[in-house]
Amino acid sequence: MKDVAPSADAWRVPLSDVCVDAEVVQAASDVVASGWWSMGARVEEFEAEFARFCGVRHALAVSSGTAALHLALMATGCGPGDDVLVPSLNFVAAANTIVHVGAEPRFCDIRGGDDLNLDPASVEAAISAATKAIVVLHYGGFPCDMESILQIAAERGLIVIEDAAHAPGALWRGRACGTIGAVGCFSFFANKNLPTGEGGMVVTDDDELAARLRLLRSHGMTTLTWERHRGHAHSYDVTLPGFNYRLDELRAAVGSVYLRRLPELNRRRGEILDGYRSRLAGVSSIRMAFSDTPESNVSAHHLAVAVLSEAGLRDGVRTRLAEARIQTSVHYPPIHLFSAYRGSQQTRLPRTESVAPRLITLPLYPHMTNEQLELVAVTLLDALEERR
Ligand SMILES: *Cc1c(COP(=O)(O)O)cnc(C)c1O
């Protein structure tokens, strides 16, 4: 079978790109041909493989990373009257799902321009009698300072939920990100390290939480269509009002192919990040974030995030790169400054507000070539008038 053409050919260097080859196409077409498309044996296989990969007891496949976060918050009992702490420098899904369970998001600050992860001191300062949980993010796949977070959570009796959307394969002191708190949430959106189109996974070592997550994922029903189809069950009860957040077989089959490749794909992402670091070393107007990550951690290298010295440089740089057909992005506009969340924040977040307007995300995907990397670096240095 012939390989399929790249999806983003409008750009010379897209921000991210899925790798479509004969094995991926075969995995998807096998499912289509099988005639069983909804949650079944392939989802179960994918869950078992993912659980083994992370070293966790339970992995439940869901329809998106957002669904994973929503289920994690519900299953841990976050609801009306509760505050949930979350970094403002994050994708908005974390805050939206906190609102959807009836709780209040309380936004926390980051450490700074090198370490874009949650600042434990800001977490401590935001805790009140209403605080129930902390949703931590492993930004860009770089593990957050879990030692401080776990210590604060233990002292104050808080639940830790990990938004590990950027971090499949990342390790904090040898432990898989997503398996350190009570529940971990992964996203398999098309631009993530393990893409299935839409999709996600929620993981936990807690048997009771896993049972609740499983019920909530599928309408609160005690059996699945798949189990009834196989004659393993004939009827069902509904024990709580749940959702339809299931993953389907097609996506699970694609996910299994990608999961086998993930260590190699993450390694290649790391190589490209090192390439950016060495091309930008010594340049005064820009610096790659997470340049001083502790050696004891392994990043999933999801994003190539650079921090400019001045916010005023960003628009010009992004325009110059776009003219060269190089796609860039910003991860993220801070959540507490969006219209829907403005006013919910009592305190300022000085480091988030200083760093966010200076962030620029550069192209990064495993099959990006060294020539593409060089083109991005040269165009970027030109735009900054730092070409040497
Ligand atoms: C992608 C992402 C999500 C949401 O995942 P979806 O699968 O798109 O719903 C949540 N948090 C972070 C940090 C993400 O990057």
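Residues numbered from 1 in each chain as written. Predicted model: local features only at pLDDT ≥ 70, side-chain atom pairs only at ≥ 80, totals over all residues. Heavy atoms only, no water.

### What about the environment of Ile180?
Then step 1. Relative to the assigned elements, Ile180 resides in the loop between strand S7 (175–176) and strand S8 (183–187).
Then step 2. Sequence separation between Ile180 and Ile152 is 28 residues; the distance between their C-alpha atoms is 14 Å.
Then step 3. Once you skip the residues sitting within four places of it in the chain, Ile180 turns out to touch Met146, Leu150, Glu162, Trp172 and Arg175. (Helix = DSSP H or I, 4+ residues; strand = E, 2+ residues; numbered from the N terminus. Contact = heavy atoms within 4.5 Å.)

### Considering the sheet that holds strand S12 (residues 359–362)
Then step 1. Within the open sheet, the three strands sit side by side as S10-S11-S12. Their pairing is antiparallel. The open sheet is flanked by strand S10 (286–288) and S12, the only strands paired with a single partner. When strand polarity is set aside, the average angle formed by the axes of neighbouring strands in this sheet is 30°.
Then step 2. Direction of pairing for S10 relative to strand S11 (residues 304–308): antiparallel, over a ladder of three bridges. Among the inter-strand pairings, Arg287 is bridged to a residue of S11, identified as Val307.
Then step 3. Sitting on the sheet, helix H9 (residues 249–280) touches S10, S11 and S12, and the angle it makes with S10 is about 150°. (Pairing = 2+ DSSP bridges. Axes fitted to C-alpha atoms, helices over the stretch in contact; angles between N-to-C directions.)

### Quick notes on the sheet that holds strand S4 (residues 131–137)
Then step 1. With mixed pairing, the seven strands of this open sheet are ordered in space as S1-S9-S8-S5-S4-S2-S3. Taken across any chain shown, the strands that pair with only one partner, and hence form the sheet edges, are strand S1 (58–62) and strand S3 (104–108). Neighbouring strand axes in the sheet, compared pairwise and without regard to direction, differ in orientation by 20° on average.
Then step 2. In this structure, S4 lies alongside strand S5 (residues 159–163), joined through five bridges in parallel fashion. Note on S5: the bridge partner recorded for Val135 is Ile161.
Then step 3. Each of S1, S8 and strand S9 (200–204) is contacted by helix H2 (residues 41–54), which is oriented at about 135° to S1, the strand it contacts most.
Then step 4. Packing against the sheet, helix H3 (residues 65–75) makes contact with S1, strand S2 (83–87), S4, S5, S8 and S9, and its axis sits at approximately 165° to S8.

### Concerning the site of the ligand
Then step 1. Taken together, 15 residues form the shell around the ligand, and within it Gly65, Thr66, Asp163, Ser187 and Lys192 come nearest.
Then step 2. At 2.7 Å, a backbone N or O of Gly65 approaches an oxygen atom of the ligand.
Then step 3. Between the ligand and Tyr332 there is a distance of 3.2 Å, counted from an oxygen atom to a side-chain nitrogen or oxygen.
Then step 4. When the free accessible area of the ligand is taken as 380 Å², the share hidden by the protein chains comes to 93%.
Then step 5. Among the residues forming the shell around the ligand, the class breakdown is six nonpolar, seven polar and two charged. (Near = heavy atom within 4 Å. Polar contact = N/O pair within 3.5 Å; in protein donor to acceptor, adjacent residues only side chain to side chain. Areas by Shrake-Rupley, 256 points an atom, 1.4 Å probe, with all protein chains shown as cover. Nonpolar A, V, L, I, M, F, W, Y, C, P; charged D, E, K, R; others polar.)

### Some points on the environment of Thr379
Then step 1. On the secondary structure map, Thr379 appears in helix H12 (residues 370–383).
Then step 2. Its relative accessible area of 12% is what places Thr379 among the buried residues.
Then step 3. For Thr379 and Ala210, which are 169 residues apart along the polypeptide, the C-alpha to C-alpha distance reads 49 Å.
Then step 4. Ignoring sequence-local partners within four residues, the contact set of Thr379 consists of Arg320, Leu321, Ala324 and Ile326. (Buried < 20%, exposed > 50% of the residue type's maximum accessible area, 1.4 Å probe, protein only.)

### Focus: the packing of aromatic side chains
Then step 1. Tallied over the entire structure, the rule returns twelve aromatic pairs.
Then step 2. Aromatic side chains Phe50 and Phe188 sit 5.7 Å apart centroid to centroid with 65° between the ring planes, which places their arrangement in the edge-to-face category. Of the two residues, Phe50 sits in helix H2 while Phe188 sits in the loop between S8 and S9, which places them 138 residues apart along the sequence. Both residues of the pair, Phe50 and Phe188, count as buried.
Then step 3. Summarising the aromatic geometry, the rings of Phe107 and Tyr341 are spaced 5.7 Å apart at their centres and angled 85° between planes, so their arrangement reads as edge-to-face. With Phe107 in strand S3 and Tyr341 in the loop between helix H10 (314–323) and helix H11 (350–355), this residue pair connects regions lying 234 residues apart in the sequence. Considered together, Phe107 and Tyr341 belong to a single accessibility category, that of buried residues.
Then step 4. One aromatic cluster in this structure is built from Phe46, Phe50, Phe53, Phe186 and Phe188.
Then step 5. Above the plane of the ring of Tyr258 lies Arg261, whose end atom (NZ or CZ) is 6.0 Å from the centre. (Phe/Tyr/Trp six-rings, centres within 6.5 Å; stacked < 30°, edge-to-face > 60°. Lys NZ or Arg CZ within 6 Å of the ring centre and 35° of its normal.)

### Describing the confidence of the model for the protein chain
Predicted coordinates in areas of low pLDDT are best not read in detail.
Then step 1. Residues with a pLDDT of 70 or more make up 96% of the protein chain, whose mean pLDDT is 94.
Then step 2. The model gives residues 1–6 a pLDDT under 50, and that stretch makes eight contacts with residues more than four places away or in other chains. (pLDDT = per-residue confidence, 0-100.)

### A closer look at the packing of H10 against H12
Then step 1. As a packed pair, H10 and H12 sit with axes 9 Å apart at the nearest point and diverge in direction by 140°. Considering their axes alone, H10 and H12 lie oblique with respect to each other. The interaxial crossing formed by H10 with H12 has right-handed handedness. Between H10 and H12, the residues in contact are Val317, Arg320 and Leu321 and Val376, Thr379, Leu380, Asp382 and Ala383, respectively. (Parallel < 35°, antiparallel > 145°, perpendicular 65-115°, else oblique. Left-handed = near helix turned anticlockwise from the far one by under 90°.)

### Here's the deal with unusual backbone geometry
Trans is the prevailing form of peptide bonds, just as negative phi is the prevailing case for residues other than glycine.
Then step 1. For the peptide bond that leads from His331 to Tyr332, omega is 5°, which places it in the cis range.
Then step 2. Here Tyr332 is to be found in the loop between H10 and H11.
Then step 3. Located in the positive-phi region is His219, a residue other than glycine, with phi close to 65°.
Then step 4. Locating His219 in the fold gives a position in the loop between helix H7 (207–217) and helix H8 (225–229).
Then step 5. Phi at His301 is positive, roughly 50°, even though this residue is not glycine.
Then step 6. Note on placement: His301 falls in the loop between S10 and S11.
Then step 7. On the basis of relative accessible area, His301 is assigned to the buried category, the value being 17%.

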